[in-house]
Amino acid sequence: MASLYERLGGLEPIASVVDSFVARCASDGRINRKFERTDVPRLKKMLVDQVCEATGGPCTYTGRGMRPTHDGMAVTAGEFDALVEDLVLTLGEFDVPRAEQQELLGLLAPMRGDIVEVESPETGTPLPRTYETAHAVH
Ligand code: HEM
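Each value, and the rule that gives it
Residues numbered from 1 in each chain as written. Predicted model: local features only at pLDDT ≥ 70, side-chain atom pairs only at ≥ 80, totals over all residues. Heavy atoms only, no water. Helix = DSSP H or I, 4+ residues; strand = E, 2+ residues; numbered from the N terminus. Rg over C-alpha atoms; globule rule 2.2 N^0.38 Å. Contact = heavy atoms within 4.5 Å. Areas by Shrake-Rupley, 256 points an atom, 1.4 Å probe, with all protein chains shown as cover. Lys, Arg positive; Asp, Glu negative; His and termini not counted. Charge placed at Lys NZ, Arg CZ, Asp CG, Glu CD. Donors = N, O, S within 2.8 Å, 3.2 Å for Na, K, Ca; no water. Salt bridge = Lys/Arg side-chain N within 4 Å of Asp/Glu carboxyl O. Buried < 20%, exposed > 50% of the residue type's maximum accessible area, 1.4 Å probe, protein only. Near = heavy atom within 4 Å. Polar contact = N/O pair within 3.5 Å; in protein donor to acceptor, adjacent residues only side chain to side chain. Nonpolar A, V, L, I, M, F, W, Y, C, P; charged D, E, K, R; others polar.

*Asks:* Just to check I follow, could you spell out the overall build of the protein for this structure?
*Replies:* Along the protein, the regular secondary structure elements total seven helices and zero strands. Counted from the first residue to the last, the protein has its helices and strands arranged as α-α-α-α-α-α-α. Compactness check: the protein gives a C-alpha radius of gyration of 15 Å against a globular reference of 14 Å for 138 residues, within 12% of the reference. Along the first, second and third principal axes, the C-alpha atoms of the protein reach 45 × 35 × 25 Å. Within the protein, residue pairs in contact and separated by at least 24 positions form 80% of the contacts whose partners lie at least 6 positions apart. Surface exposure of the protein reaches about 7800 Å², of which carbon and sulfur atoms provide 56%. With 14 positive and 22 negative side-chain charges, the protein shows a spacing of 5 Å between the two charge centroids.

Written out as structure tokens, the structure reads:
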């Protein structure tokens, strides 16, 4: 069977989905406080590389690991679920079929333990001032 990367249509469609997904997150009051200090071009590049590599595409993810990235961000379970919901809505908007959506979510689900720090349904919580954001990419 073709790789998930191929079935998603390759790099261009993946980059379009990431663009739209990041915009949706940025306008979602349940999670956007976490992204207040984020370098958005870096975030988009890292997400594209991560998804491309994880789905069998020809990219190499060069960003930080999921635990060190999200460590000290105080992400709640409710915020994780909100982000996944935004991703599913974005994939639907791009007519990604259910099977491919499920496969992608299946690749991301195991990362939950490295990302969620607060097992609470609360959303809209701030990014702790002590969190150090990553450097911009050039
Ligand atoms: C499975 C779910 C998730 C995946 C795969 C994921 C993946 C990533 C990746 C690849 C980066 C870039 C790392 C780098 O720049 O080195 C990143 C950064 C970030 N993530 Fe996530 N993430 C997830 C969930 C979340 C959630 C639920 C939140 C908060 C609601 C969140 C907030 C952030 C923020 C704020 C940054 C930017 C950090 C900075 O400015 O340095 N992420 N994430």
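Continuing now.
*Asks:* I tried to follow the coordination of the iron atom of the ligand on my own but got confused; where do I start?
*Replies:* A four-donor tetrahedral metal ideally has 109.5 degree angles, and a six-donor octahedral metal ideally has angles of 90 or 180 degrees. Donor atoms from the protein around the iron atom of the ligand number only one, His-70 (NE2), found at 2.1 Å. Within the secondary structure, His-70 is located in helix α4 (residues 66-70).

*Asks:* Can you help me understand the pattern of salt bridges in this one?
*Replies:* A side chain of one charge can pair with a side chain of the opposite charge when the charged atoms of the two come close. Summed over the entire model, instances satisfying the criterion amount to 11 salt bridges. A salt bridge links Arg-30 to Asp-28, with the nearest nitrogen and oxygen atoms 2.9 Å apart. For Arg-30, a relative accessible area of 27% translates into the label partly exposed. Notably, a salt bridge pairs Arg-67 with Asp-114, separated by 3.0 Å at the nearest N-O pair. One end of the pair, Arg-67, is in helix α4; the other, Asp-114, is in helix α7 (residues 112-115), with 47 residues separating them in the sequence. Assessed through its relative accessible area of 30%, Asp-114 is described here as partly exposed. Via salt bridges that share partners, Asp-28, Arg-30, Glu-85 and Asp-86 belong to a single interconnected network.

*Asks:* What is the right way to look at the site of the ligand in this model?
*Replies:* In the vicinity of the ligand lie 25 residues, with Lys-34, Arg-42, Arg-64, His-70 and Ala-134 positioned nearest. A distance of 2.6 Å separates an oxygen atom of the ligand from a polar side-chain atom of Arg-42. One nitrogen or oxygen atom from the side chain of His-70 is found 3.0 Å from a nitrogen atom belonging to the ligand. Counting residues per element, the ones that place at least two in the shell around the ligand are α3 (40-54), α4 and α5 (77-93). No other element matches the five residues that α3 contributes to the shell around the ligand. The residue makeup of the shell around the ligand, split by class, is 16 nonpolar, six polar and three charged.

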